[in-house]
Amino acid sequence: MTTTSDEVWQLLREAQKETECFLREQSEKTDRQIQQVNQQLSKLDNPLWNFIKWELRPVVADLFLKRGINLYEISTEVSVKRAKKRAKRSLEIDLFVAGDTEAILIEVKSKLTQRDVDKHLERLAKFKQFMPRYQDMNALGSVAGMIVPDEVANYAYHRGLFVLAQSGDSVIILNDTNFKPQVW
């Protein structure tokens, strides 16, 4: 069976299309990988991320254990997306710690403000809608900061939030031992 020149050209065009498709897929894959690497690199140079990763995350469970709250599940950058009748909603938690009966959502800022506290209170009110598997747990809130002005710490305290702050080389809970947290 002989192949005509039209058939050869057809085979070449198909091979070219397959090659272009393959190269496009590889390019998209490479772009995604570059984006992931850039995100990771940006965290390395971010003082807030370093505070969360190197100072807060390692001690948070022990801090709360001293207050009688046993926590062992620790996650950073929790992101939950839910769709409800065409509207996409999302919830982001900087640091999430949970045990058998309590879950604590921690909002972390380099300098904590009253607005940050208010936004976190809104987040806490929506938490169980977004993460129903924690429905039977006591959800508690906490805010943390590298810098926590006294008036902001007092504001958060009176709204039932734990307040964590950098103190020298460690992190402490600013709330006194009589503090009763708000439960969501």
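Where an unreviewed UniProt entry is consulted, the chain appears under the name DUF3782 domain-containing protein, with the organism given as Rippkaea orientalis.

Undergrad: What should I look at first to understand the overall build of the chain in this one?
TA: For the chain, the count of helices and strands is five helices and six strands. Scanning the chain from its N terminus toward the C terminus, one meets helices and strands in the order α-α-α-β-β-β-α-β-α-β-β. Going through the 184 residues of the chain one by one, you find that 34% of them count as buried. Long-range pairs, those at least 24 residues apart, make up 56% of the contacts in the chain between residues at least 6 apart in sequence.

Undergrad: Sorry if this is basic, but what is going on with a nonpolar patch on the surface here?
TA: Together, Val8, Trp9 and Leu12 line one region of the surface with nonpolar side chains, adding up to about 300 Å² of accessible area. One can find Val8 in helix H1 (residues 5–44).

Undergrad: Is there a simple way to explain unusual backbone geometry in this structure?
TA: Among all residues except glycine, the phi angle is most often negative; among peptide bonds, the trans geometry is most common. For Glu77, which is not glycine, the phi torsion reads 50° and is therefore positive. Its place among the elements puts Glu77 in strand E1 (residues 73–84).

Undergrad: I would appreciate a short explanation of the packing of helix H4 (residues 114–130) against helix H5 (residues 150–158) in the present structure.
TA: Packing of H4 against H5 leaves a shortest axis separation of 9 Å and a crossing angle of 20°. The pairing of H4 with H5 is recorded here as roughly parallel in orientation. The two elements H4 and H5 cross, and the hand of that crossing is right-handed. Along the contact surface, H4 presents Gln114, Val117 and Asp118, while H5 presents Val152, Tyr155 and Ala156. For the contact of H4 with H5, the class distribution of residues is four nonpolar, one polar and one charged.

Rules and cut-offs
Residues numbered from 1 in each chain as written. Predicted model: local features only at pLDDT ≥ 70, side-chain atom pairs only at ≥ 80, totals over all residues. Heavy atoms only, no water. Helix = DSSP H or I, 4+ residues; strand = E, 2+ residues; numbered from the N terminus. Buried < 20%, exposed > 50% of the residue type's maximum accessible area, 1.4 Å probe, protein only. Contact = heavy atoms within 4.5 Å. Patch = residues over 30% accessible without salt bridge, like charges linked within 9 Å, V, L, I, M, F, W, Y side chains within 5 Å. Areas by Shrake-Rupley, 256 points an atom, 1.4 Å probe, with all protein chains shown as cover. Salt bridge = Lys/Arg side-chain N within 4 Å of Asp/Glu carboxyl O. Axes fitted to C-alpha atoms, helices over the stretch in contact; angles between N-to-C directions. Parallel < 35°, antiparallel > 145°, perpendicular 65-115°, else oblique. Left-handed = near helix turned anticlockwise from the far one by under 90°. Nonpolar A, V, L, I, M, F, W, Y, C, P; charged D, E, K, R; others polar.

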